[in-house]
Amino acid sequence: MSAGVPESTRQRILDAAVEMTTETGWASVTMSRIAERCGISRQTVYNDIGAKPALAKSLILRELEQFLAVVSAAFDEEDDFMLAIRQATYGVLDRAQDNKLLHAVVSATHGADTELLPYLTSHSEGLLGYATEIIHEHIKRFDHGLSDHQADVAIETIVRVVLSHVMQPTKSPDETADDILWLVSRVLA
């Protein structure tokens with residue numbers, strides 16, 4: 001957050017961007033329209049967020065933090081490592097079902113408004129690194145038998161598989177979580 005701008009203003013800016021993206025698409029989002037919707041100056045939007053690419057990154061990071069909160073809760077609440085993986089996977093997939101921003105990004109792949117998609121796919125190195133780091137911290141309390149390197153490889157692979165199912169679900173969250181649990185149990189056996 002930028003110095004001097006209240007967190008509530010930043011959240012209002014991000015909320016307005018999500019609303020506009022889900023209503024009319026990312027291409028229609030401008031700093032002027034966000035400022036108008038929030039009842040603030042366009043300069044305030046630029047001062048707090050920056051230009052449109054920074055807005056896109058802020059939106060995706062905020063969504064990632066909300067998804068990682070679900071993952072963190074699963075690992076904090078479960079005593080069994082495999083059940084924690086299953087619950088974390090289920091929680092992410094369940095949340096993704098009703099996520100309006102995610103649906104707007106994914107459905108845009110069928111049109112020309114795909115500017116947000118790279119933040120979830122091809123330019124997702126930061127997303128994967130951040131997710132891997134957070135999850136790695138949570139799994140330290142479990143006796144999983146993996147070295148740090150092996151744990152990072154496993155986490156990144158699972159995150160990539162789950163992200164694939166978030167982007168293109170083929171089954172219910174329950175079924176997919178069970179399938180991923182089965183796969184992970186084979187690798188860790």
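What you see is a predicted model; the values in this text were computed from it and never measured.

**What about the pattern of salt bridges?**
- In the structure shown here, the tally under the stated rule is ten salt bridges.
- With a closest N to O distance of 2.9 Å, Glu23 and Arg37 form a salt bridge. Here Glu23, found in helix α1 (residues 7-24), pairs with Arg37, found in helix α2 (residues 31-38); they are 14 residues apart in sequence, far enough to count as distant.
- The shortest N-O distance in the salt bridge between Arg86 and Asp174 comes to 2.8 Å. Note that Arg86 is positioned in helix α5 (residues 81-97) and Asp174 in helix α10 (residues 173-188), a separation of 88 residues in sequence.
- On the basis of relative accessible area, Arg86 is assigned to the buried category, the value being 11%.
- Put simply, Glu19, Glu23 and Arg37 are held in one network by salt bridges that share partners.

**Here we look at the environment of Phe75**
- Positionally, Phe75 belongs in helix α4 (residues 52-77).
- Residues Phe75 and Phe142 lie 67 residues apart in sequence; the distance between their C-alpha atoms is 9.4 Å.

**Re the nonpolar core**
- In this structure, Val71, Phe75, Phe81, Ile135, Ile139 and Val166 are the most contacted members of the largest nonpolar core, which totals 32 residues.
- For this core, the elements supplying multiple residues, two or more each, are α4, α5, α8 (125-139), α9 (148-167) and α10.
- Filtering out sequence-adjacent residues up to four positions away, Phe75 remains in contact with Phe81, Ala84, Ile85, Ala88, Ile135, His138, Ile139, Arg141 and Phe142.
- Judged by nonpolar contacts, the second largest core, of 19 residues, contains Leu14, Trp26, Val45 and Ala56.

**Points about α10**
- If you check α10, its first and last C-alpha atoms are 22 Å apart, about what 16 residues at 1.5 Å a residue would give, namely 22 Å.
- Every buried residue of α10 is accounted for by Pro173, Thr176, Ala177, Ile180, Leu181 and Val184. Down the axis of α10, the smallest arc covering the buried residues is 140 degrees, so these residues share one side. With respect to the buried face of α10, the exposed residues turned more than 90 degrees away are Trp182 and Arg186.
- Where α10 is buried, its residues meet α5 and α9.

**Examining the packing of α9 against α10**
- The interhelical angle for the contact between α9 and α10, taken along N-to-C directions, is 160 degrees, at an axis separation of 12 Å. Between α9 and α10, the angle falls in the class roughly antiparallel. In this structure, the crossing between α9 and α10 has a hand that is right-handed. Mapping the contact onto sequence places Ile158, Val161, Val162 and His165 in α9 and Thr176, Ile180 and Val184 in α10.
- Broken down by class, the residue content of the contact of α9 with α10 amounts to five nonpolar, two polar and no charged.

Definitions and limits used
Residues numbered from 1 in each chain as written. Predicted model: local features only at pLDDT ≥ 70, side-chain atom pairs only at ≥ 80, totals over all residues. Heavy atoms only, no water. Salt bridge = Lys/Arg side-chain N within 4 Å of Asp/Glu carboxyl O. Helix = DSSP H or I, 4+ residues; strand = E, 2+ residues; numbered from the N terminus. Buried < 20%, exposed > 50% of the residue type's maximum accessible area, 1.4 Å probe, protein only. Core = buried A, V, L, I, M, F, W, Y, C linked by side-chain atoms within 4.5 Å. Contact = heavy atoms within 4.5 Å. Expected span 1.5 Å × (residues − 1). Arc of directions from axis to C-beta. Axes fitted to C-alpha atoms, helices over the stretch in contact; angles between N-to-C directions. Parallel < 35°, antiparallel > 145°, perpendicular 65-115°, else oblique. Left-handed = near helix turned anticlockwise from the far one by under 90°. Nonpolar A, V, L, I, M, F, W, Y, C, P; charged D, E, K, R; others polar.

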